[in-house]
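Spelled out from the first residue to the last, the chains are:
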Amino acid sequence: MTKDYISRDCDGFELNPIGFVSPGAQSSRYISQIEEIAQKIVDAYGLNNLAFFFQGTCTENGVYVFEAAARMAGGSTFESASILSNTEYMENSIDCFLGNPQSFSMEKNEKFFEGRFLSMKPGIFSKLAAREELLAEGILKKCWMFLREGTEITSSHSSSNRIAVAMSEGNTAEEASEKMALALSRLAALDENGIDCSDWK
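I will try to describe carefully the structure that is included in this document. (Residues numbered from 1 in each chain as written. Predicted model: local features only at pLDDT ≥ 70, side-chain atom pairs only at ≥ 80, totals over all residues. Heavy atoms only, no water.)

1. Description of the overall build of the protein chain
Okay, so step 1: When you go through the protein chain residue by residue, the secondary structure sums to 5 helices and 10 strands.
Okay, so step 2: Across the 201 residues in the protein chain, those meeting the buried criterion constitute 35%.
Okay, so step 3: Counting only contacts in the protein chain whose residues sit at least 6 apart along the sequence, the fraction spanning at least 24 positions is 57%.
Okay, so step 4: By element, 51% of the accessible surface of the protein chain is carried by carbon and sulfur atoms, the whole surface being about 11,700 Å². (Helix = DSSP H or I, 4+ residues; strand = E, 2+ residues; numbered from the N terminus. Buried < 20%, exposed > 50% of the residue type's maximum accessible area, 1.4 Å probe, protein only. Contact = heavy atoms within 4.5 Å. Areas by Shrake-Rupley, 256 points an atom, 1.4 Å probe, with all protein chains shown as cover.)

2. Some thoughts on helix α1 (residues 28-45)
Okay, so step 1: The end-to-end C-alpha separation of α1 is 26 Å, in line with the 26 Å expected for 18 residues at 1.5 Å each.
Okay, so step 2: Elements that come into contact with the buried residues of α1 comprise β3 (53-59) and β4 (62-69).
Okay, so step 3: Gly 46 sits one or two positions beyond α1 and adopts a positive phi of about 65 degrees. (Expected span 1.5 Å × (residues − 1).)

3. Some remarks on the pattern of salt bridges
Okay, so step 1: Per the stated rule, a full pass over the model turns up 6 salt bridges.
Okay, so step 2: Glu 114 is the salt-bridge partner of Arg 116, the closest N and O atoms lying 3.6 Å from each other.
Okay, so step 3: Since its relative accessible area comes to 8%, Glu 114 is described here as buried.
Okay, so step 4: Across the pair Lys 141 and Glu 169 runs a salt bridge, and its minimum N-O distance is 3.8 Å. Taken together, the positions of Lys 141 in the loop between α4 (131-136) and β7 (142-145) and Glu 169 in strand β9 (residues 162-170) put the pair 28 residues apart, joining distant regions of the chain.
Okay, so step 5: Given a relative accessible area of 36%, Lys 141 falls into the partly exposed group. (Salt bridge = Lys/Arg side-chain N within 4 Å of Asp/Glu carboxyl O.)

4. Details of the pairing of strand β6 (residues 123-129)
Okay, so step 1: Note: β6 against strand β8 (residues 152-153), 2 bridges, orientation antiparallel. Looking at β8, one finds that Ile 124 is bridged to Glu 152.
Okay, so step 2: As judged from the 4 bridges shared by β6 and strand β10 (residues 188-191), these two strands associate in the antiparallel manner. Along β10, the bridge assignment pairs Leu 128 with Ala 189. (Pairing = 2+ DSSP bridges.)

5. Remarks on the nonpolar core
Okay, so step 1: Counting 20 residues, the largest nonpolar core has Leu 118, Leu 128, Leu 140, Ile 163 and Leu 187 as the members making the most contacts within it.
Okay, so step 2: Breaking this core down by element, the ones donating at least two residues are β6, β9 and α5 (173-186).
Okay, so step 3: Each residue touching Ile 163, except ones within four places of it in the same chain, is listed here: Leu 118, Ser 119, Met 120, Phe 125, Leu 128, Trp 144, Met 145, Phe 146, Leu 147, Ile 153 and Ala 189.
Okay, so step 4: Formed by 8 residues, the second largest nonpolar core is a distinct cluster that contains Phe 20, Ile 83, Phe 117 and Met 167. (Core = buried A, V, L, I, M, F, W, Y, C linked by side-chain atoms within 4.5 Å.)

6. Considering the sheet that holds β6
Okay, so step 1: Strand order in this open sheet of 3 strands is β8-β6-β10, and the pairing throughout is antiparallel. Every interior strand has two partners, whereas the edge strands, β8 and β10, have only one.

Following this line, the structure appears as structure tokens:
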């Protein structure tokens with residue numbers, strides 16, 4: 001499973017990621033290096049009964065790792081990993097840790113996906129309007145909530161003001177992108193007074 005992150009650009013400075021596309025556009029050179037790094041981590045720490053993840057960046061000089069952990073990735077990642085690899089990521093990880101028999105295989109999902117982190121300007125979060133309708137219509141494949149009603153947002157353009165992550169699915173990258181654009185135009189992060197405080201429009 002590979003993702004390319006989408007970042008907000010401001011006067012030439014790349015800020016925090018605002019979304020992702022999958023499958024990522026990594027070359028075979030990067031893929032082989034990613035697999036080699038993953039195997040080295042497994043061997044170095046003797047990981048043989050649990051899921052792990054690592055995050056890194058692909059540059060012209062190769063792959064650089066900046067985080068690794070002997071656990072499932074948090075947030076919406078474990079469920080998106082299940083969708084992108086056609087396997088029950090959490091259940092298989094638990095079975096593996098408990099030593100239960102394993103009988104699964106990961107298969108590349110042939111669909112295309114686009115995801116966006118949905119952020120809110122400072123205020124009191126009330127609801128994400130149009131979420132249920134977009135899921136019911138199939139415009140969004142998933143929309144994971146990060147915050148509950150009544151949570152106070154104190155700053156913009158940081159991971160702490162993310163209220164959700166939305167994911168669209170398409171038979172082509174263009175279809176996934178078009179669905180996401182439609183979803184973003186209809187979604188609204190409302191504050192306690194019903195005012196649209198969306199930080200992605």
